[in-house]
Amino acid sequence: MSSTPEGRPWSFGRWIAELPTRVWVALALLVAGVSFIAQNRVPVRIRWLAFSVTWPLWLALLVMLVVGVLIGVLARRRSAKRR
C-alpha cells in the first residue's frame with residue numbers, strides 16, 4: 001500500500017476532499033454544459049441578412065457566446081489603451 005509523504009496511507013476519499021474549490025466549480029460547469037448539449041440537439045434555422053443556416057441549438061448558442069466574448073475582449077483592450 002502506498003503512503004503520502006507524511007507517512008499516512010493514501011486514500012482516494014482524502015484526495016477528493018482536498019480538491020480545490022475551483023476544480024469542483026469547473027466539474028460542475030462541465031456537467032451542466034454536457035447536459036445542456038444533450039438536451040438541445042434539435043436543429044434550428046438561423047436567418048441573418050441573406051444567409052440561412054440550420055444548426056443544432058447548442059452550436060448556435062456556442063457561436064454567439066464566442067462572438068460575445070470576442071466583443072468583450074476587444075472592447076476591454078480599447079478602454080485599457082485609453083488609460
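See the structure printed just above.
Residues numbered from 1 in each chain as written. Predicted model: local features only at pLDDT ≥ 70, side-chain atom pairs only at ≥ 80, totals over all residues. Heavy atoms only, no water.

Caption draft 1: Layout of the overall build of the chain. Helix and strand counts for the chain come out as three helices and two strands. Ordered by position from the N terminus, the helices and strands of the chain form the series α-α-β-β-α. Every one of the 83 residues in the chain was classed for burial, and the buried ones make up 5%. Of the contacts made within the chain by residues no fewer than 6 positions apart, 3% connect residues no fewer than 24 positions apart. Element-wise, carbon and sulfur atoms account for 68% of the exposed surface of the chain, whose accessible area totals about 7600 Å². (Helix = DSSP H or I, 4+ residues; strand = E, 2+ residues; numbered from the N terminus. Buried < 20%, exposed > 50% of the residue type's maximum accessible area, 1.4 Å probe, protein only. Contact = heavy atoms within 4.5 Å. Areas by Shrake-Rupley, 256 points an atom, 1.4 Å probe, with all protein chains shown as cover.)

Caption draft 2: A look at the packing of aromatic side chains. In total, this model carries one aromatic pair according to the counting rule given. Judged by centre distance (6.2 Å) and plane angle (20°), the ring pair of Trp-48 and Phe-51 falls under stacked. By the burial criterion, Trp-48 is exposed, and Phe-51 matches it. (Phe/Tyr/Trp six-rings, centres within 6.5 Å; stacked < 30°, edge-to-face > 60°.)

Caption draft 3: Representation of unusual backbone geometry in the model. The residue Leu-49 is not glycine, and still its phi comes out positive at about 55°. Mapped onto the secondary structure, Leu-49 falls in the loop between strand 1 (43–48) and strand 2 (51–56).

Honestly, that's just the spatial picture; any functional story needs more than this.
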